[in-house]
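Notes for the structure review
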Amino acid sequence: ANVQTGAGDVKKAAETSVSLLQKTNASFFVNGGCLSCHHADMANFAYGVALDHGLKVDQSLAEERLTRVLSSSSRGQDLLLQRFDLPGGPENVAYRLIGLASIKYPFDTAMGAAAVNLAGMQNRDGGWRQVTFARAPMQDSDLTRTALSLRAIQAYTPPGRKAEFDARIRRAGNLATHHRHNHA
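Residue numbers here run from 1 along each chain, matching the order of that chain's written sequence. In keeping with the predicted nature of the model, local features appear solely for residues at pLDDT of at least 70, side-chain atom pairs appear and are counted solely at 80 or more, and the whole-chain, interface and lining totals rest on all residues. Water and hydrogen atoms were dropped before computing side-chain values, which therefore reflect all heavy atoms in the structure.

**Structural notes on the overall build of the protein**
What counts here: Put simply, DSSP H or I for four residues or longer makes a helix, DSSP E for two residues or longer makes a strand, and each gets a number counted from the N terminus. Classification of residues uses two cut-offs on accessible area relative to the type maximum, computed with a 1.4 Å probe and protein chains only: under 20% is buried, over 50% is exposed, and between them is partly exposed. Two residues qualify as a contact provided that any one of their heavy atoms is within 4.5 Å of a heavy atom in the partner residue. Methods summary: accessible areas were calculated by the Shrake-Rupley approach with a probe of 1.4 Å, and residue burial reflects only the protein chains presented.
Counting its secondary structure elements, the protein contains 8 helices and 0 strands. For the protein, the succession of helices and strands along the chain, N to C, is α-α-α-α-α-α-α-α. Here the protein holds 184 residues, and 39% of them are scored as buried. Expressed as a percentage of contacts within the protein between residues at least 6 apart in sequence, the contacts between residues at least 24 apart total 72%. Looking at the protein as shown, the accessible area adds up to about 10,300 Å², and 59% of this sits on carbon and sulfur atoms.

In structure tokens form, the structure reads like this:
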């Protein structure tokens, strides 16, 4: 590593990385024929972090990705409210909501439905589990899964269910605290 690298070089490298992520995200959708939940949602997250740090981004590519994500999200709203869970477990929903929260997408009924669905996957102990296969490294820890899900429901709590979601958030926090004390 070059220890002489200045902040301008780091900023340029970050902007180049975000640019590449945005371009590959768009081509993945066109060439792959699907949204690729982890790819689009992580791109939204990176885009939001880039904006927060004043980095240049391609706004038109970001808007295209957001349109695809929102179209996909709104189509399944009724099913999510009925607990027809998406493939991929809680992470699928959590990454979607965290990505959108990162770009400051406001609460709407589709995001509320996703948060309700995700909250319904929470276990009584406050955590979220993966009941099928887990794809490492994104799905290899119940504690990570719980932290992701917790952040997601915090971001898109339906206003009429705030008291319920606050209790769910406390349960998840208690589980994380218990885990930290028992695994320190």
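**Digging into the pattern of salt bridges**
Put simply, the test is: What counts as a salt bridge is simple: a side-chain nitrogen of Lys or Arg found within 4 Å of a carboxyl oxygen of Asp or Glu.
Applying the stated criterion across every chain yields a total of 9 salt bridges. Note that Asp 52 is salt-bridged to Lys 104, the shortest N-O span being 3.0 Å. Within this pair, whereas Asp 52 is found in helix α2 (residues 37–52), its partner Lys 104 is found in the loop between α5 (90–102) and α6 (109–120), the two being separated by 52 residues in sequence. Put simply, Arg 161 and Glu 164 hold a salt bridge, and the shortest N to O gap is 2.8 Å. On the accessibility criterion, Arg 161 (33% relative accessible area) is partly exposed. Judged by its relative accessible area of 28%, Glu 164 is partly exposed. Salt bridges sharing common partners tie together Glu 91, Asp 125, Arg 129, Asp 142 and Arg 145.

**Considerations on helix α3 (residues 59–75)**
Our working rule: How far a helix is expected to stretch is found by multiplying one less than its residue total by 1.5 Å. The reported arc concerns the directions from the helix axis to the C-beta atoms and nothing else.
Between its first and last C-alpha atoms α3 spans 24 Å; for 17 residues at 1.5 Å apiece the expected length is 24 Å, and the two agree. If you check which residues of α3 are buried, you get Leu 61, Ala 62, Arg 65, Arg 68, Val 69 and Ser 73. Axial view of α3: buried residues confined to an arc of 130°, hence all on one face. Exposed residues on α3 whose side chains face more than 90 degrees from its buried face are Thr 67 and Arg 75.

**Quick notes on the nonpolar core**
One recurring pattern in soluble globular proteins is that nonpolar side chains are buried together. What counts here: The set of buried Ala, Val, Leu, Ile, Met, Phe, Trp, Tyr and Cys residues whose side-chain atoms join them within 4.5 Å is what this entry labels a nonpolar core.
Residues Leu 97, Leu 100, Met 111, Leu 118 and Tyr 156 are the most contacted members of the largest nonpolar core, which totals 32 residues. Where this core is concerned, the elements lending two or more residues are α2, α3, α5, α6, α7 (142–155) and α8 (162–182). The dominant element in this core, judged by the number of residues it contributes, is α6, at 8 residues. With near-sequence residues (within four places) excluded, Leu 97 lies in contact with Met 111, Ala 114, Ala 115, Leu 118, Ala 152 and Tyr 156.

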